[in-house]
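Structure at a glance
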Amino acid sequence: MQDTLRWRHRFAELGSRFYTELPSEPLPDPHWVVVSPGCAALLGWPADWWHSPAALAAFSGGALWPGMRPLASVYSGHQFGVWAGQLGDGRALLLGEVEAPGGPLEVQLKGSGLTPYSRMGDGRAVLRSSIREFLCSEAMHALGIPTTRALCVTASALPVRRETIETAAVATRVAPSFLRFGHFEHFTHTARDVAALRALADAAIGQHFPELAGIAGEAERIAALLEEVARRTARLMAQWQNVGFCHGVMNTDNMSLLGLTIDYGPFGFMDAFDPGHVCNHTDEQGRYAYARQPSVAFWNLHALAHALLPLLAGQAGTGDGVPQEVPQDVQQMALGAIEPYKEVFADAMLGGLRAKLGFAEAREGDRELCDGLLRLMAADHTDFTITFRRLASFSSEPGAGNSAGNESVRDLFIDRAAFDAWAARYGERLRAEGRADAERAAAMQRVNPKFVLRNHLAETAIRRAREGDFSEVQRLHTLLEHPFDEQPGNEADAGFPPDWAAQLEVSCSS
Ligand code: AMP
Ligand code: MG
């Protein structure tokens, strides 16, 4: 198959300021861990694409298929709110773009060895984090949340030092583009190269936002790009919040220009609802706590806007750096471009919550009703996923307070009186809309997943994988492809986390 693929290299064509071309470091004696048929189909590859030694070699960094051209891209970024200077693909290699049925898709190895941007790192990824990234990217896609995809994971016995000694793996990721906010920050603040910044923005617009390419003035075109990125990011944040997803490391170098979920590290789906939940053990300040994600994304958009100021100001790309002074009106234009974030986020969030509560129409007071439930959930730390899933069976009949369906939600709360007061208002709101309960329940089950990648599920699969048994990884992958389906027989995967799950710690080290 690899001989008939057509590869493109539009990122490489930008020129060497943007990357370093280099080969991968092979995983010694590699083996397969898991492949995603869905992602292969997206690429237009047959289901058996991986049935060859050449495929195993290519996706463990040991060989190139014809047409692959590996490179590590350079970017910079703000980490935990602080300017971190130059970063870059420290352990990732872009192999090129595949001409897929739906358009070109970039294919990237992660964990394929040292690059000029590895800094203190070893260029490797461990089996644990590669499995987590694989499972979560494919699960997010199945939840309908924009994300980079994962094609496969290969692994090896090669030891890798983290907090303990682990083993190496390579995850292959797929996306229309892996461009990050940090790529733009790099050319403004680190390389101070307006011509490169301009070339990058033009390429991004031409390839990924073609509807903006026709806007005549450069400032207007760049402002439109910023606004579109702000809108996409806003919708993404609403989707994360509404499924209880915490990213864990929302640094500007982990923010996708396309509004995709990218760079799965110490992420987590919340079990017990806690707005202050911090999934990343390394994040001692709680900067990236669940409830802060939407405002952090806006902060990150400010960083992107700041990076694009030279283009909004029409500065010439002479190559002698970025002039310091940017006129007030240009700064206002940048702020104006990201301003819609607030409204788009609020609308998407409320729209998502309405769907989660089973409201087909928008009505006065919905926000208060949604917030009321979230407050009760937070006070009693009810399980985020289970609460919304059970709410589908809520009976809107007057006086149905003690029905089995309502009891199953009510049971989740400690403060029953508070729940009953809320449930009375909820029932009233449902009756006002007059939709049949069964129809509402079905709609709710299409937006409130039964199955999410809880930490303990991933952990169990990882423990087995370390013993050489990948069946649990594969089973979870298949399970999470249909997160909204009942899937009888898999009840345990939809249940409360076991006690030991509370002890699981996920950190930046991956
Ligand atoms: P992250 O916050 O995990 O997305 O990574 C931040 C930066 O560190 C990026 O430039 C990564 O490429 C780099 N990095 C993380 N882990 C490693 C590693 N093990 N080896 C080399 N570079 C790494
Ligand atoms: Mg990263």
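Residues numbered from 1 in each chain as written. Chains lettered and ligands numbered in written order. Predicted model: local features only at pLDDT ≥ 70, side-chain atom pairs only at ≥ 80, totals over all residues. Heavy atoms only, no water.

**A word on the side chain of Ser177**
Within the secondary structure, Ser177 is located in the loop between β11 (165-175) and α4 (181-190). At 2.9 Å, the side chain of Ser177 and the backbone nitrogen of Leu179 are in polar contact. Excluding anything up to four places from it in sequence, Ser177 contacts Glu106, His208, Leu258 and Leu260. (Helix = DSSP H or I, 4+ residues; strand = E, 2+ residues; numbered from the N terminus. Polar contact = N/O pair within 3.5 Å; in protein donor to acceptor, adjacent residues only side chain to side chain. Contact = heavy atoms within 4.5 Å.)

**Observations concerning the pattern of salt bridges**
Counted by the stated rule, this structure contains 34 salt bridges. In this structure, Glu99 and Arg8 form a salt bridge, with 3.2 Å as the shortest nitrogen-oxygen distance. Here Glu99, found in strand β7 (residues 92-100), pairs with Arg8, found in strand β1 (residues 7-8); they are 91 residues apart in sequence, far enough to count as distant. Taking relative accessible area as the criterion, Glu99 reaches 29% and is therefore assigned partly exposed. Since its relative accessible area comes to 32%, Arg8 is described here as partly exposed. Two residues, Asp366 and Arg354, come together in a salt bridge whose shortest N-O distance is 2.5 Å. One end of the pair, Asp366, is in helix α10 (residues 366-380); the other, Arg354, is in helix α9 (residues 340-357), and 12 residues separate them in sequence. (Salt bridge = Lys/Arg side-chain N within 4 Å of Asp/Glu carboxyl O. Buried < 20%, exposed > 50% of the residue type's maximum accessible area, 1.4 Å probe, protein only.)

**Some points on unusual backbone geometry**
Positive phi, normally seen in glycine, also occurs at Phe80, with a value near 50 degrees. Inspection of the secondary structure assignment puts Phe80 in the loop between β5 (76-79) and β6 (82-86). Positive phi outside glycine occurs at His381, with the angle close to 50 degrees. Position of His381 relative to the elements: it lies in the loop between α10 and α11 (384-391).

**Structural notes on the site of ligand 1**
In the vicinity of ligand 1, 17 residues are found, and the nearest of them are Gly88, Gly90, Arg119, Gly123 and Asn254. Contacts to ligand 1 include Arg124, whose backbone N or O atom sits 3.2 Å from a nitrogen atom. Interatomic distance of 3.2 Å between a side-chain N/O atom of Asp263 and an oxygen atom of ligand 1. With the chains in place, 82% of the 490 Å² that ligand 1 exposes on its own is no longer accessible. Here the shell around ligand 1 is composed, by residue class, of two nonpolar, seven polar and eight charged. When residues of the shell around ligand 1 are assigned to domains, at least three map to each of domain 1 (7-177) and domain 2 (182-347). (Near = heavy atom within 4 Å. Areas by Shrake-Rupley, 256 points an atom, 1.4 Å probe, with all protein chains shown as cover. Nonpolar A, V, L, I, M, F, W, Y, C, P; charged D, E, K, R; others polar. Domains from an automatic or database assignment.)

**Focus: the nonpolar core**
Judged by nonpolar contacts, the single largest core of 136 residues is most densely connected at Phe184, Trp422 and Tyr426. The element that contributes the greatest number of residues to this core is helix α6 (residues 218-243), accounting for 13 residues. Look past the residues within four positions of Trp422 in its chain and what remains in contact with it is Leu357, Leu369, Gly372, Leu373, Leu376 and Leu391. Within the second largest apolar cluster, 29 residues are counted, among which are Trp7, Leu56, Trp65 and Leu95. (Core = buried A, V, L, I, M, F, W, Y, C linked by side-chain atoms within 4.5 Å.)

**What about the domain arrangement of the protein chain?**
Per the domain assignment, the segments of the protein chain are domain 1 (7-177), domain 2 (182-347) and domain 3 (359-445). Here domain 1 and domain 2 have C-alpha centroids that lie 23 Å from each other. Counting residues at the interface gives 34 residues for domain 1 and 41 residues for domain 2. Summing both partners gives a buried area of about 3,100 Å² for domain 1 against domain 2, and 63% of it is carried by carbon and sulfur. If you sort the residues of domain 1 by the area they bury against domain 2, Arg17, His78 and Phe80 come out on top, with a joint share of 19%. Linking domain 1 with domain 2 are two salt bridges, by the criterion used here. Salt-bridge contacts for Arg17 lead to Asp193; the nearest nitrogen and oxygen are separated by 3.3 Å. The interface formed by domain 1 and domain 2 contains 17 residue pairs in polar contact (both at pLDDT 80 or more). A breakdown of the residues in the side of domain 1 that touches domain 2 according to their chemical character gives 15 nonpolar, 13 polar and six charged. (Buried area = accessible area lost by both parts, 1.4 Å probe.)

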